[in-house]
Amino acid sequence: MSTLIKYKNVDIFQKEQKVLQDVKLEIGEGEFWYLTGKVGSGKSSLMKTIYAELPIERGEGDVFEYSLNLISKREIPYLRRKIGIIFQDFQLLTDRSVKENLMFVLKATDWRGTDVMEKRIDEVLSEVGMQKKGYKMPHELSGGEQQRIVIARALLNKPKLILADEPTGNLDPETGKGLMELLHRICKDEGTTIIMATHNLALLEQFPGNEMHIENGVLTCTKLNAPAEESKTAIQTADTIDA
C-alpha cells in the first residue's frame, strides 16, 4: 500500500504563532482517519498544510510526492486536483443548479467535451444517491442533500484523498449517520483515503477508523489493527491557537 502523506518533524504556524510542533504522520492509500480535538486545537491548520494553503517552514512534508517545503505556486493547482475537499458550510454557488455547480468545477480543472463532463456529473450524482437532483438549485435542497452534492463535487476528479472538515456539523443525527455510511463506503469501495475533522467522538464508536487527536499540546495517532506497541504515537506540540 502506497503512502500518500508523510510528515517528519513538521512545525505548523498560523500568523507567525506556532500551532503544532514536531508532527510525524504517515497515511496510506485507502485509510480512514478521524482528526479530533477541541475548537482551536489546530485541526484546520493541519488540514490546510496538506493542500498547501498553509506553508511548511520547518520539517519535511510530502503529499503525493510533492514536497510541501519546496512546492511552487505553479504546482499547487496540480496537487489540489488530486485532493477532494468537503466543507462544513457547503460553499455551493447559490445562483446555479446542482449540475451547473459541478460543471463549473470540471471546467475550472481543465476538463473538455460537454458529453464527457455530463457523463462524469451523472456518475458522481449517482454515487451519492442524488441522480435526480441535478436540476435543483441549492436552496431547494435539504442540508443533507447539499452535503451529498458537496461530496459529489469532491469526487469529480477521482481523488485518491478526501479532506472533510466537520462534514456532519450542521446535520441532524440521522442525516449525519447516512453521510458517514457514504464516506466509509467511498473509502472501502474506491480505495480513497479520507481524513475527517470532527469533534463528535460518538462517530468513532459508530464508525470505527484510525484517529489523530490533538489535546493539551499533544497529537496522538492511534491506528486500528496495529500491534499494541505501535498503535499509539504521541507527538509533542506547541501551545495551540484557534485555527
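Everything below is about the structure shown above.
Described below are features of the structure shown in this document. (Residues numbered from 1 in each chain as written. Predicted model: local features only at pLDDT ≥ 70, side-chain atom pairs only at ≥ 80, totals over all residues. Heavy atoms only, no water.)

**Some points on the packing of aromatic side chains**
When we look at a pair of aromatic rings, we describe it by the centre distance and by the angle of the planes.
Then comes step 1: Enumeration according to the criterion identifies one aromatic pair in this entry.
Then comes step 2: Here the aromatic rings of Phe 32 and Tyr 34 are separated by 5.1 Å at their centres, their planes lie at 55 degrees, and the arrangement is tilted. Tyr 34 matches Phe 32 in its accessibility class, with the two residues each being buried.
Then comes step 3: The ring centre of Phe 64 lies 5.9 Å from the NZ or CZ of Lys 82, which sits over that ring. (Phe/Tyr/Trp six-rings, centres within 6.5 Å; stacked < 30°, edge-to-face > 60°. Buried < 20%, exposed > 50% of the residue type's maximum accessible area, 1.4 Å probe, protein only. Lys NZ or Arg CZ within 6 Å of the ring centre and 35° of its normal.)

**Quick word on the side chain of Glu 127**
Then comes step 1: Tracing the sequence through the fold places Glu 127 in helix H4 (residues 114-127).
Then comes step 2: Notably, Glu 127 is buried but unbridged: the nearest opposite-charge side chain belongs to Arg 185, and the N-O separation is 4.8 Å.
Then comes step 3: Each residue touching Glu 127, except ones within four places of it in the same chain, is listed here: Leu 155, Leu 182, Arg 185, Ile 186 and Glu 190. (Helix = DSSP H or I, 4+ residues; strand = E, 2+ residues; numbered from the N terminus. Lys, Arg positive; Asp, Glu negative; His and termini not counted. Salt bridge = Lys/Arg side-chain N within 4 Å of Asp/Glu carboxyl O. Contact = heavy atoms within 4.5 Å.)

**Some details on the pairing of strand S2 (residues 17-28)**
Along any regular strand the residues' side chains alternate between the sheet's two faces.
Then comes step 1: Two elements, strand S1 (residues 3-14) and S2, share eight bridges in a ladder whose sense is antiparallel. Of the residues in S2, the one forming a bridge with Gln 14 is Gln 17.
Then comes step 2: Linkage of S1 to S2, two consecutive antiparallel strands, is achieved through a turn of two residues, within which Lys 15 is found at a positive phi near 55 degrees. (Pairing = 2+ DSSP bridges.)

**Regarding the pattern of salt bridges**
Side-chain pairs of opposite charge can arise whenever the charged atoms involved come near each other.
Then comes step 1: Under the counting rule described, the total for this entry stands at 10 salt bridges.
Then comes step 2: Taking the shortest distance from any N to any O, the salt bridge between Asp 11 and Lys 18 comes out at 3.7 Å.
Then comes step 3: Looking at Asp 11, the relative accessible area reads 10%, which means it is buried.
Then comes step 4: Residue Arg 80 pairs with Glu 53 through a salt bridge whose shortest N-O separation is 3.4 Å. Remark: Glu 53 occurs in the loop between helix H1 (43-50) and strand S4 (58-63) and Arg 80 occurs in helix H2 (residues 76-80); sequence separation between them is 27 residues.

**A look at H4**
Then comes step 1: For H4, with 14 residues, the first-to-last C-alpha span of 20 Å sits near the 20 Å given by 1.5 Å per residue.
Then comes step 2: Listed in full, the buried residues belonging to H4 are Met 117, Arg 120, Ile 121, Val 124, Leu 125 and Glu 127. The arc that holds every buried residue of H4, seen down its axis, measures 160 degrees, which confines them to one face. Of the residues in H4, the exposed ones pointing more than 90 degrees away from the buried face are Asp 115 and Lys 119.
Then comes step 3: On its buried side, H4 packs onto helix H3 (98-108), helix H5 (143-155) and helix H6 (173-190).
Then comes step 4: Gly 129 sits one or two residues past H4 and shows a positive phi near 75 degrees. (Expected span 1.5 Å × (residues − 1). Arc of directions from axis to C-beta.)

**Points about the environment of Leu 25**
Then comes step 1: Along the chain, Leu 25 falls in strand S2.
Then comes step 2: A relative accessible area of 7% means that Leu 25 is categorised as buried.
Then comes step 3: With residues up to four places along the chain from it excluded, the contact list for Leu 25 reads Ile 5, Lys 6, Tyr 7, Leu 46, Met 212, Leu 219 and Cys 221.

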